[in-house]
Every structure is written in structure tokens, then in C-alpha cells.
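Fold and geometry: a report
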Amino acid sequence: MERPDWNGPLGVAFDHATAYLGGLPERPVRPPASLENMRAALGGPLQAGSLPPEKVVADLVAAAAPGVMASSSGRFFGFVIGGATPAALAADWLTSTWDQNAGLYVLGPAASVVEETAAGWLVELLGLPARASVGYVTGGQMANFTALAIAVREVLRRKGWDVDADGLWGAPRVRVIAGEGRHGTIDRALRHLGMGTNSLVTVEMDGQGRLVPAALASALASGEGPAIVCAQAGNVNTGAIDPLAAIADLVGDAWLHVDGAFGLWAAASPRLRPLVAGIERADSWATDAHKWLNVPYDSGLVICAHPEAHRAAMGVRASYLQHAASGERDALDYNPEHSRRARGFPVYAAMRQLGTDGIADLVERSCALARHFADRLTAGGALVLNEVVLNQVLVRLGDDHTTQRALRRIQEEGTAWMSGTTWNGAAAIRISVSNWSTDEDDVDRTVAAILAAAA
Ligand SMILES: *Cc1c(COP(=O)(O)O)cnc(C)c1O
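Residues numbered from 1 in each chain as written. Predicted model: local features only at pLDDT ≥ 70, side-chain atom pairs only at ≥ 80, totals over all residues. Heavy atoms only, no water.

**Section: the UniProt feature "modified residue: N6-(pyridoxal phosphate)lysine" (unreviewed entry) in the protein**
Note the threshold: UniProt positions are given in the numbering used here, feature names are shortened, and annotations may be inferred rather than shown by experiment. Numbering of helices and strands runs from the N terminus, with a helix taken as a DSSP run of H or I at least four residues long and a strand as a DSSP run of E at least two residues long. The buried label applies to any residue whose accessible area, calculated with a 1.4 Å probe on protein chains only, is under 20% of its type's maximum; exposed applies above 50%, and partly exposed to all values in between. Contact between two residues is taken to exist if any of their heavy atoms lie within 4.5 Å; hydrogens are not considered. Polar contacts, as counted here, are pairs of nitrogen or oxygen atoms within 3.5 Å of one another; within protein the pair requires one atom able to donate a hydrogen and one able to accept it, and residues that are adjacent in sequence qualify only if both atoms are side-chain atoms.
As recorded in UniProt, the sites labelled "modified residue: N6-(pyridoxal phosphate)lysine" (unreviewed entry) are Lys 291. Tracing the chain through its elements places Lys 291 in the loop between β6 (284-288) and β7 (300-304). Taking relative accessible area as the criterion, Lys 291 reaches 14% and is therefore assigned buried. Ignoring anything within four residues of it in the chain, the contact list for Lys 291 reads Val 80, Gly 82, Ala 261, Phe 262 and Ser 434. A polar contact of 3.4 Å, which involves the side chain of Lys 291, links it to the side chain of Asp 288.

**Re the site of the ligand**
Operational definition: Being near a molecule or strand, for a residue, comes down to having at least one heavy atom within 4 Å of it. Methods summary: accessible areas were calculated by the Shrake-Rupley approach with a probe of 1.4 Å, and residue burial reflects only the protein chains presented. Residue type decides the class: Asp, Glu, Lys and Arg count as charged, Ala, Val, Leu, Ile, Met, Phe, Trp, Tyr, Cys and Pro as nonpolar, and the leftover types, Gly among them, as polar.
What surrounds the ligand is a group of 15 residues, the closest being Gln 141, Asp 259, Asp 288, His 290 and Lys 291. Within the side chain of Asp 259, an N or O atom sits 2.7 Å from a nitrogen atom of the ligand. About the coverage of the ligand: the protein hides 84% of its 380 Å² of free accessible area. Looking at the shell around the ligand element by element, the count peaks at three residues for helix α6 (residues 140-157). Among the residues forming the shell around the ligand, the class breakdown is three nonpolar, nine polar and three charged.

**Considering the environment of Trp 161**
Within the fold, Trp 161 resides in the loop between α6 and α7 (163-166). On a C-alpha basis, the gap between Trp 161 and Pro 172 in space is 8.1 Å, while along the polypeptide they are eleven residues apart. In this structure, Trp 161 is in contact with Leu 156, Asp 166, Gly 167, Trp 169, Gly 170, Ala 171 and Pro 172, ignoring residues within four places of it in sequence. Here the side chain of Trp 161 touches Gly 167 through a polar contact of 2.9 Å, landing on its backbone oxygen.

**Focus on the sheet that holds β6**
To summarise the sheet geometry, strands pair through backbone hydrogen bonds and adopt either a parallel or an antiparallel arrangement. Our working rule: Each pair of strands is called paired provided DSSP finds at least two bridges between the two strands. The convention used is that axes are lines fitted to C-alpha atoms, helices contributing only their stretch in contact, and that angles between N-to-C directions extend from 0 to 180 degrees.
The mixed open sheet is built from seven strands, whose spatial order is β1-β7-β6-β5-β4-β2-β3. Every other strand in the sheet has two partners, leaving β1 (133-137) and β3 (200-203) as the edge strands with one partner each. Put simply, the sheet's adjacent strands are angled 20° from each other on average, direction ignored. Looking at chain direction, strand β4 (residues 227-232) and strand β5 (residues 255-259) are connected through five bridges and run parallel. The residue bridging Ile 228 from the neighbouring strand is Trp 255, located in β5. Contacting β1 and β7, helix α5 (residues 109-125) crosses the sheet at an angle of about 115° to β1. Packing of α6 onto the sheet brings it into contact with β1, β4, β5, β6 and β7, and relative to β5 it is tilted by some 180°.

**Topic: the pairing of β5**
So the rule is basically this: Convention used here: a crossover is right-handed provided that the path from the first strand, over the helix, to the second strand proceeds clockwise when the strands point away from the viewer.
Burial analysis of β5 places five of its five residues in the buried class, which makes it a mostly covered element. Burial of the side chains of β5 extends over both faces: Trp 255, His 257 and Asp 259 are buried on one face and Leu 256 and Val 258 on the other. Viewed along the sheet, the connection from β4 through helix α10 (residues 244-250) into β5 turns out right-handed. As defined by bridge partners, β5 adjoins β6 across three bridges and the pair is classed as parallel. Considered in β6, the bridge of Asp 259 is made with Ala 286.

**Some details on the sheet that holds strand β9 (residues 392-396)**
Taken in spatial order, the four strands make up an open sheet running β8-β9-β11-β10, and their pairing is antiparallel. With one partner strand each, in any of the chains shown, β8 (383-384) and β10 (419-423) form the two edges of the open sheet. Inspection of the sheet shows β10 paired to strand β11 (residues 426-432) by five bridges, in the antiparallel sense. Note that in β11 the partner of Trp 423 across the bridge is Ala 426.

**Quick word on a negative patch on the surface**
Test applied: Residues with no salt bridge and a relative accessible area higher than 30% make up the patches, which join like charges within 9 Å and nonpolar side chains (Val, Leu, Ile, Met, Phe, Trp, Tyr) within 5 Å. A pair is scored as a salt bridge if a Lys or Arg side-chain nitrogen falls within 4 Å of a carboxyl oxygen belonging to Asp or Glu. Residues scored as charged are limited to Lys and Arg (positive) and Asp and Glu (negative), so that His and the chain ends carry no count. Working definition for charges: the position is that of NZ of Lys, CZ of Arg, CG of Asp or CD of Glu.
Taken together, the side chains of Asp 439, Glu 440, Asp 441 and Asp 444 present a region of like negative charge at the surface. Positionally, Asp 444 belongs in helix α14 (residues 440-454). Residue Asp 444 is classed as partly exposed on the basis of its relative accessible area, which comes to 32%.

**Some words on the side chain of Glu 364**
Secondary-structure assignment places Glu 364 in helix α12 (residues 344-379). With relative accessibility at 17%, the residue Glu 364 sits in the buried group. Of the polar contacts made by the side chain of Glu 364, one reaches the side chain of Ser 269; its length is 2.7 Å. In this structure Glu 364 touches Ser 269, Pro 270, Arg 271 and Leu 272, once residues within four positions along its chain are discounted.

**Regarding the pattern of salt bridges**
A full pass over the atoms with the stated rule returns 19 salt bridges. With its nearest N and O atoms 2.7 Å apart, the salt bridge here joins Asp 59 to Lys 55. Note that Asp 59 and Lys 55 are positioned in helix α3 (residues 53-64) at a spacing of four residues, about one turn of the helix. Residue Lys 55 is classed as partly exposed on the basis of its relative accessible area, which comes to 39%. Note that Asp 333 and Arg 317 form a salt bridge whose closest N and O atoms lie 3.5 Å from each other. Here Asp 333, found in the loop between α11 (307-314) and α12, pairs with Arg 317, found in the loop between α11 and α12; they are 16 residues apart in sequence, far enough to count as distant. Owing to a relative accessible area of 8%, Asp 333 belongs among the buried residues under this scheme. The class for Arg 317 is exposed, based on a relative accessible area of 58%.

Okay, structure coming up:
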């Protein structure tokens, strides 16, 4: 067979990538193309014959680029979405180039050692128990799913019930106690795990979305049997962090899980660390690398204080698999996937590029810029609804209708992009500062766009 010309398609991709990334500061954040335009450009039947790879990539760039949201722009403040640090992006390209099946050590020895190393860095950086185990998953959703799968198996094992063999049919009922301000992925994980949302005991939150410890104490006291408590570090609207030390004092022999998709990263900053005091006392944690660590999608992390329970819940054995024999890490013991991408490479590269000081600085800078947002918006006559403790700002511009209309205008105008929410029954605009490249000028330009849209 003729040797393929790698330079052709990869060259087109490289040229587009550098032009795209270099153009981020100038281009509108929202994608310019309409749905009809994109369907016309990208749709149609699949042709019968093959096409030259270079042409396929060039056509894809031409057709898809107008429909790309500039979510790695420094003026993208929607949901909680990080950009990609340069080293992490390059390592992500190599992940596809090397195309390792990272499930088993034997299939990707370097991928395994990189994941082991970055796991160690992460656990130390976040101040979690040194022996905690780490699984690399697609995001916060799967991190919550995996942690809850480990938790329900383990709390039932302690009651003499074998979930692996008998599932949940006829098992003692496990209560999952979580705050009203929890993320919807907890409920979704319970659905996927066959536990059902009726397993949930919902506990009152305070005005910032934090779980109220006294309400947790009465929820714990008002039922019996095995329980899982889900606390949260970083409410998706306000950024508020549950009082973790007070919660850890109350849980007794219940399993304590912390959903810290972005808020867990406060632990990486000596200045912000007090916000998550007590976090190391949990049994499991869920977090994202594609949010605050600025690793490209998709990248989440599940961490467990009980490595044996973690491996027992996730692991798989088969005669045709060549399992690690003497202490090597087989990734499929820590995540629900079997074959998977070597997603440790970009996590490793992001952490290497930034270093512990750089990660702390990224987190602190984002929080300072969120406060700057709040100050400027307040000075401009907008109403900031939350205590800006982390990187989230909730802002209201007049009544619900005015706020929602202004949000649409801001999204269409293109200087910046952000999304909306309802907080305590009122429409609000959510601003999340999560990108490594955002600076004060980005914030000032965005505040001007917001105030202009409100006027
Ligand atoms: C974003 C988020 C999730 C979900 O994470 P994905 O990466 O989107 O799967 C879960 N919990 C919290 C608190 C979040 O902010």
C-alpha cells in the first residue's frame, strides 16, 4: 500500500487550528451560522466513493467553522467552561495521534504511568488523602455516577448485601441525602444506577445554595439504614460551597460524597482553601478537568478514599485481557469504560504547564475577575444576586423580561457569551469566569456590552 500523506490532512488541520486560536480575541464569540446554513453546508447524502483526506478536512473546516462557538475565548462566560491551555491542547492532539487504548497498562504503558503520575499530583494539590484512587472519566456527570456506584455497592456490602451478584432488587433501601442546591447530574446518576430519584432525601439550602447542616442532621436522624450524603463544592449558579467540615461532623457511618466539579479547585489555592475546609474527610469526590483546569473536552475525574472499594466496583476480569500483574495501573479498574482514550495526557500537560503556583493563580485570578465583574456591574446599575465567593456571578437587569431580553441581545451581539438561569424564582444572567486567558480588559468589554444591552 502506498504510504499515506500525513502532511496533507494534518497540515490543513494545523493551519486552521493556529488561525482559529489566533483569531479568538477578534471574532464574535457566538457562531455566525444559522441552522439552515449549517444543514446546507454539512448535510446531504454520503457519497459512494472515497475522497482525498486533505479535501475532507478542508471541506469540514469551511463548512463547520461558521457553526463553532468560541468557547475557548477569553470572553466566553457561559455555563462553567474552561478553555484549553496550550500544552493541554497539544497533548490532546498527541492523544489522538498515539491513539492508545488506555484501558490496560499493556496497551498503553506511557498512558498508564502518566495517569498514575497526574493522579498523584492531583490528590496532593487538592489536599486529599494520599492513598486516594483516581479514575479519568468524561466529565462531572460520569464522576458523580462512578462515585455513587462505588458508594452504593460499599454501603450495602457493609450490611452484608452483594450488589455485584444481586443488584438492588430486594436490597436494604439506601437513602441519598443531598441539598436542594445539588447539581442535576446527581439525580441523573441515580436514574442510571437503578436507584431512582425517590432514593433522594432533599435537604434545605440557604439563600446562597449551601446545604444547611441542621437540616442534614434531622434528615440523618429521621431515617435509618445505609445512607450516602452528597455535599457540593461550587453551586452551579452562585459558586457557593457547602459547609463541608460541619457536614463531615454529622455524617457518622454514612458515605460522604462531594460534587466539586469546579469548586474542588478552590483547594488548590492556599488563599481559597479555607472555603473547602474539611474536604479531605469525604469518601469520594467528583471533579472536572475540562472546567477550571482548562483541559480540552472531555475530561472529568472521580476520586475515592477507598481504593479497594473503587477497584471492586469498577474492575473487570476476562481471560483474554492481559491484566496488570505487579502494581501497574489498569485504567479500567477505575472508570466505567472498557476501551477508552488516554485522557491522562492532556491533564498531565495542563498541570505541568501551570505548576502548583500556576493552578492556584488561575483559580485566584478567575475569582478576582468575577469580583471585578460584580463591582463594575453594580456600579453600572445592575443587581448582583449572589455573594461572589468563587468564579460565579448572578446578575439581574431589571425584571425577568428585561433580563431575558438583554441576555438574548448580549448573545447575539457577539462581544461575549453567557447563559441564563432562574435563581430564587427570578430570571438572572449567569457569568462564570473559568478561562485561563480571560483578563481585565475582557471583563471590562463584556460589562460594557451587558450594560449596553440593558439600556
Ligand atoms: C458542571 C457540573 C457537573 C456536570 O459536569 P459535566 O462535566 O458537565 O458532566 C456536575 N456538578 C456540578 C456542580 C457542575 O458544576
